[in-house]
Amino acid sequence: MLAVPAVAGVPDPSPDWLRRIESGDVALEAHTDPTGRGGQVRAMIDIAAPPQVVWATILDCGRAARMTPSVKRCTVLSRDPSGREELREHVVKWSFLLPALHSTSRLALEPYRRIAFRCEAGDIRDCEGQWLLEPRDGGRGTRVTYENRATAPFGLPDGVTIMAMRRDVPTALRALRRESVAAAR
């Protein structure tokens, strides 16, 4: 099983974050990670769909390219019989100037609550993060928190990594909302 740090609990959103997510926007912060080797991002969004639907949408490889334009392919390589861990490969292309990158990630799954991930192989080996799902409105809605720390596989300046996070994460979360709401109908 993937060893992932225990969740100490996501800090309560600040009043500014609450205003953003309650108005339908994405709250986001992105900055250089403490090691100075990449970027880290934390974002939050409210989705008018139950956690089970949001969970299934996040894990659906068939939707990955629709939700995150840089993802060109998602493949589940293996899944343990208990459904608590899986190995995935993603092919991403951040820019027409850069080559396509392959990444293999191990996911630890706590159904309808948390998806933790860590890059293990491929071009992108230094990333880890999680998706946290919190039921809202008696289970009719979900507050999603996404956290990721990643280092580019080649010598990109940290600012480029952070800029990509600020661009791609809100786009992906809005697409997750769109796909989840459609699936809940």
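Reading the values: rules and limits
- Residues numbered from 1 in each chain as written.
- Predicted model: local features only at pLDDT ≥ 70, side-chain atom pairs only at ≥ 80, totals over all residues.
- Heavy atoms only, no water.
- Phe/Tyr/Trp six-rings, centres within 6.5 Å; stacked < 30°, edge-to-face > 60°.
- Helix = DSSP H or I, 4+ residues; strand = E, 2+ residues; numbered from the N terminus.
- Buried < 20%, exposed > 50% of the residue type's maximum accessible area, 1.4 Å probe, protein only.
- Salt bridge = Lys/Arg side-chain N within 4 Å of Asp/Glu carboxyl O.
- Disulfide = S-S within 2.5 Å.
- Pairing = 2+ DSSP bridges.
- Axes fitted to C-alpha atoms, helices over the stretch in contact; angles between N-to-C directions.
- Contact = heavy atoms within 4.5 Å.

How should the packing of aromatic side chains be read in this particular structure?
Here a ring pair, both rings aromatic, is described through the centre-centre distance and the interplanar angle of the planes. The full count for this structure, using the stated rule, is three aromatic pairs. Centroid distance W55 to Y112: 5.8 Å. Interplanar angle 65°. Geometry classified as edge-to-face. Taken together, the positions of W55 in helix 2 (residues 51-59) and Y112 in the loop between strand 5 (101-110) and strand 6 (114-122) put the pair 57 residues apart, joining distant regions of the chain. For Y112, a relative accessible area of 41% translates into the label partly exposed. Through a chain of ring-to-ring contacts, three or more aromatic side chains come together here, namely F117, W131 and Y146.

Looking at this structure, how should I read the pattern of salt bridges?
Between side chains of opposite charge, pairing is possible as soon as their charged atoms come close. Inspection of the entire model under this criterion finds 21 salt bridges. A salt bridge links R66 to E179; the nearest nitrogen and oxygen atoms lie 3.0 Å apart. Of the two residues, R66 is situated in helix 3 (residues 64-67) and E179 in helix 4 (residues 158-184); the sequence distance between them amounts to 113 residues. We classify R66 as partly exposed; its relative accessible area is 48%. Look at E179 and you get buried, because its relative accessible area is 11%. A cluster of three or more residues bridged by salt bridges with shared partners is formed by D60, R63, R66, R178 and E179.

Where do I start with the state of the cysteines in this structure?
Working definition of a disulfide: a covalent bond connecting the sulfur atoms of two cysteines. A full pass over the atoms with the stated rule returns two disulfides. Across the disulfide, C61 is cross-linked to C74 (sulfur-sulfur distance 1.9 Å). Judged by the sign of its S-S torsion, about -40°, the bond between C61 and C74 is left-handed. Residue C61 is located in the loop between helix 2 and helix 3, and its partner C74 is located in strand 3 (residues 71-79); the two are separated by 13 residues in the primary sequence. Considered together, C61 and C74 belong to a single accessibility category, that of buried residues. The disulfide partner of C119 is C127, and the gap between their sulfur atoms is 1.8 Å. Residues C119 and C127 are joined by a disulfide whose S-S torsion is about 75°; by sign, that bridge is right-handed. Each member of the pair, C119 together with C127, is buried.

What am I meant to see in the pairing of strand 2 (residues 39-47) here?
Side-chain positions along a regular strand alternate between the two faces of the sheet. Counting buried positions over the nine residues of strand 2 gives seven, a clear majority of the element. Inspection of the sheet shows strand 1 (residues 27-32) paired to strand 2 by six bridges, in the antiparallel sense. Bridge assignment links A27 to a residue of strand 2, and that residue is M44. Where strand 2 and strand 8 (residues 141-150) come together, nine bridges link them in antiparallel fashion.

Just checking my understanding: could you explain the sheet that holds strand 7 (residues 127-136) for this structure?
Strand pairing in a sheet relies on backbone hydrogen bonds, with the paired strands running either antiparallel or parallel. Spatially, the eight strands line up as an open sheet ordered 1-2-8-7-6-5-4-3, and their pairing is antiparallel. Only two strands of the sheet have a single neighbouring strand rather than two, namely strand 1 and strand 3. The mean angle between the axes of side-by-side strands here comes to 20°, regardless of whether they run parallel or antiparallel. Bridging between strand 6 and strand 7 involves five bridges; their strand directions are antiparallel. Note that in strand 7 the partner of F117 across the bridge is G129. Lying on the sheet, helix 2 is in contact with strand 2, strand 4 (85-92), strand 5, strand 6, strand 7 and strand 8; it crosses strand 7 at an angle near 155°.

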